[in-house]
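One-letter residues, chain by chain:
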Amino acid sequence: MASIYLLVATVVLALLSNIECYPSGAPSATCTSLSPSHQSASPQESASPFALTPVKPSVAPGSKLKLKLTSTTGSPFRGFILQARSPQGSDGAAIGQFTTFPNLTKTFSCAGGYPNSQNTATHSDPSERTNLEFEWEAPDYYEGPIVFTATVVQDFTTFWEGVKSIHVNVTKRSTDTSSQSSGISTTRQPIAPTTTTVPTVPTRPQRRDSVRVDPIYEGCGSEKTCFGSSAGCIESRDCVAVVSCLVQGDKFVFDMQAQRSTYVAVGLSRDNKMGEDSVVECVNDGRGPNRVNAYMSWNAGKSNRRLKIQDGIDLKNSSFVDGKVYCRFMRDRVTTVEGEEFNLATDQFNLLIAAGMSASDSNIGIHDVIKAASDTKQSLADVSVVGVASNLLLRLHGAFMIGAWIGAAGVGILLARYFKQTWVGSQLCGKDQWFAWHRMFMLLTWSLTIAGFVLIFLELKDWSAEDNPHAILGCVTTGLAFIQPFGAAFRPHPDSRRRPIFNWLHWLVGNVAHILGIVTIFFATKLDKAKLPDWMDWILVGYVAFHVAVHLILSIASIASERNNGKRVNSFPMKEMTSSRSPLHSPERKQDSPHSCFRKFMLAIYILVILLLVATLIILIVFAPIEENWKKFENMIAPSQNSSQEH
C-alpha cells in the first residue's frame, strides 16, 4: 500500500513540475522579477554557461540591433525570458521591443514601454536549443545605456538568473539644420571620419568674457535640446533665460536658469501660445533647505495655477546667486496633468519659457523679465537648438503705429491747421496744396493704423492678457481713425449751414484720435512682449514737447500774420470752424498771408525732426530688446577689431 502512495506522489510531483516549468513560455507575472518561480528550486550560483551578445555596442534611437542568446559550452536550454533594461533602473521596466525572433519563441508586453510594444521575449515550446538570434528596436525617446537581461532555464531545477549582456549605448541624435535644408536625411549613420594631420597654428589669447563659460550651454545641439529667450542667444551663450533637456534612460533631465529674476518656468504647449500648458517653475521662495524649489503648475487660459499634487518631477539641484535663479529637475517620460497626458518621448511640443520677479504660494506672477515661445513643435527626444518663434507681426504692428501717429498724423494736422493761406494759387491734383497733402498724410495714417490693427490680432489671435490699457486705447483710437475719412467723404457743401458742425466734429475726432494714439504708444513701452527700454519714454516725452512747441510757434505766427493784414483772415486756424463760406471763393486768397516763408521753414524743421524720431523709434521696436542685441553686436565685432590691432 505504501508503494502505491509513493507512486501517486511521484506522478503528482511530475505533473506539478511540468506545470511550473511553463512549457509554453513565461507568464506576465514574471515581467519584473524574470524568475521562473520553480518551487523547491533556486537559481544557480555558478557562472552561467549562456551568453547574451549584441552584434554592436551602440544603436541609434528608433534603429534596430541584432542580439544572440547562445550556449558557451554547447549545453542546450529549454526556456528563457529576455528583456532590455536601463542599468540604473530599479523598477524593472522593459525598454524597446523585439521585432524579429526565432521559431518556437514569442513576445509579449510588460509594463515600461509603449502599449503593446512586445518588449519581452520568451520560449513558446520547451524544445532544446543552443543558439537564438533576435532583432531589438530602440525606442525613439530613449537615450543612454541599456543592458539585455535574461533568465535561462536548462531544466526544472537548473536555471540561471541575471544573465546580462554588455552595456549598449543608445546614441544621442542631433538635428542638422544644414542637412535638412539641403534635403539630406539626418537619420542615417554618420561616416567615420578620416584622420588628417593639421599643422598647428598659433592662436591669440581668448577674450576674458569668453573664458567664463556657463555650463548650461555645454552640449546644446549635440547632446541635449536647448531653447533660449531670444534668437541666437544659445550660440552667443548670453540668454536672459534658457532651458535645456537631456534624455537619461527613460527620464528627461531639465536645466533652466534666468538672470535678474525670482522665478524661471518652462511650459509644454500644443501651440506657441499660453493656454492649456503643463508648466514646471523654479521659484526662489526660500522654503526648506533649498532657496529655489520646483513646482508643477498649469496654464489655464492666460492664468497660471500651481497644482495641489506634485507628481512627475524630482528636483536635483538649485541655486540663487547674483540674481540668477537656476534649477535642475528630472521629469517622468509620461505625466498626466489636469486629465491630459504629456508623453515627452512621442508627443511634439512648443516650448514656452518665462521669467519674472513676482511669485506667490499659488502661482507665478507676470513674466516681466522675459517671455518667449519656440517657433515649431518637436519631440524632446530629438537633440537640437530650438528656434524662437518669430515676432515679425508684432514688430510690424509697432512700426506701423509709430509711422501713423507720430509720423503722418502730426504732419497732416499741421497742414490743415496752419497752412491754408500758404502756397495760394498752387494746386495738386486739382486741389489746394495744403488740402492735397493733408489728405495724403491722413490717408497714410488711416492705412497704417488699419494694417497695424489687423496684424496684432493675427499675431495674438486673442485679446491681450496683460494688465495694461494699451489694447483698449488702441481699439478706440483705431475706431476713431476708421470713421474719419468716411465723414470727410460726406462733408456738407461749404455754403451749407451744417458745414460748421462738420468742421468742429472733424477737428475734434481727429485731434482726440491723435492724442489717444500717442497715449497708447506710451503704454506700449510697458508691455512685456514689446521688450522696449524704459528710456524710450523720454524719446516720446521729447516728441510731445517738440510737437506742442511747434504748435505754439505756428499759432503765434498766425496771430502775427493776422495783425499784419490788419484784419482777421482765414490764416487763423479756427476761423473756418464757424464759417460756412468757402475759403476758395474769398477775395483775400490771392496771395500767401504774411510770414509764409517762416511757416514753410518750421514745417521743414518739423518734418526733419519727425523723420529722425520715427526712424529711431522703429529701430528700437524692430530690434528689441535693443540692449541685448547691441551687446551681441559688440561681441561679434570685437574679435575682428582685436585681429586688426594685432596685425
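Rules used throughout
- Residues numbered from 1 in each chain as written.
- Predicted model: local features only at pLDDT ≥ 70, side-chain atom pairs only at ≥ 80, totals over all residues.
- Heavy atoms only, no water.
- Helix = DSSP H or I, 4+ residues; strand = E, 2+ residues; numbered from the N terminus.
- Buried < 20%, exposed > 50% of the residue type's maximum accessible area, 1.4 Å probe, protein only.
- Contact = heavy atoms within 4.5 Å.
- Areas by Shrake-Rupley, 256 points an atom, 1.4 Å probe, with all protein chains shown as cover.
- Disulfide = S-S within 2.5 Å.
- Lys, Arg positive; Asp, Glu negative; His and termini not counted.
- Salt bridge = Lys/Arg side-chain N within 4 Å of Asp/Glu carboxyl O.
- Polar contact = N/O pair within 3.5 Å; in protein donor to acceptor, adjacent residues only side chain to side chain.
- Expected span 1.5 Å × (residues − 1).

(A) Region of the structure containing the overall build of the protein chain. Assigned secondary structure in the protein chain consists of 11 helices and 27 strands. A buried classification covers 45% of the 647 residues belonging to the protein chain. The contacts of the protein chain with a sequence gap of at least 6 include a subset with a gap of at least 24, amounting to 66%. Of the roughly 33300 Å² of accessible surface on the protein chain, 59% is carried by carbon and sulfur atoms.

(B) Looking closely at the state of the cysteines. Counted by the stated rule, this structure contains four disulfides. Disulfide pairing is shown between C220 and C226; the S-S distance is 1.9 Å. Around the S-S axis, the bridge from C220 to C226 shows a dihedral of about -80° and counts as left-handed. Judged by relative accessible area, C220 falls into the buried class, the value being 18%. In this structure C226 comes out as buried when scored by relative accessible area, which is 1%. Sequential numbering of the bridged cysteines in the protein chain gives the disulfide pattern 1-2, 3-4, 5-6, 7-8. Not engaged in a disulfide, the cysteine C245 finds its nearest cysteine sulfur in C226; these two sulfurs lie 9.3 Å apart. Given a relative accessible area of 4%, C245 falls into the buried group.

(C) Broad picture of unusual backbone geometry. Despite not being glycine, R237 has its phi angle at roughly 60°, a positive value. Accessibility expressed as a relative area gives 35% for R237, which makes it partly exposed. The phi dihedral of R260 falls on the positive side, at around 50°, and the residue is not glycine. Here R260 shows up in the loop between β14 (251-258) and β15 (263-269). Among the residues examined, R260 registers a relative accessible area of 53% and is labelled exposed.

(D) Just the environment of L448, in detail. Structurally, L448 is set in helix α6 (residues 433-460). Expressed as a C-alpha distance, the spacing of L448 and A404, which sit 44 residues apart in the sequence, is 5.7 Å. Not counting residues within four places of it along the chain, the set of residues in contact with L448 comprises F400, G403 and A404.

(E) Representation of the side chain of R129 in the model. For R129, the location among the structural elements is in the loop between β7 (120-123) and β8 (131-137). Buried charge without a salt bridge: R129, with D125 as the nearest opposite-charge side chain at an N-O distance of 4.7 Å. Here L104 takes part through its backbone oxygen, which lies 3.2 Å from a polar atom of the side chain of R129.

(F) Region of the structure containing the environment of L393. Examined against the element boundaries, L393 turns out to sit in helix α5 (residues 392-418). If sequence neighbours within four positions are ignored, L393 has contacts with L455, L458 and E459.

(G) Fine view of helix α10 (residues 596-622). In a regular helix each residue adds 1.5 Å, so 27 residues correspond to 39 Å; α10 covers 38 Å between its end C-alpha atoms and thus fits that length. By the burial criterion, the buried members of α10 are S596, R599, M602, L603, Y606, I610, L613, V614, L617, L620 and I621.

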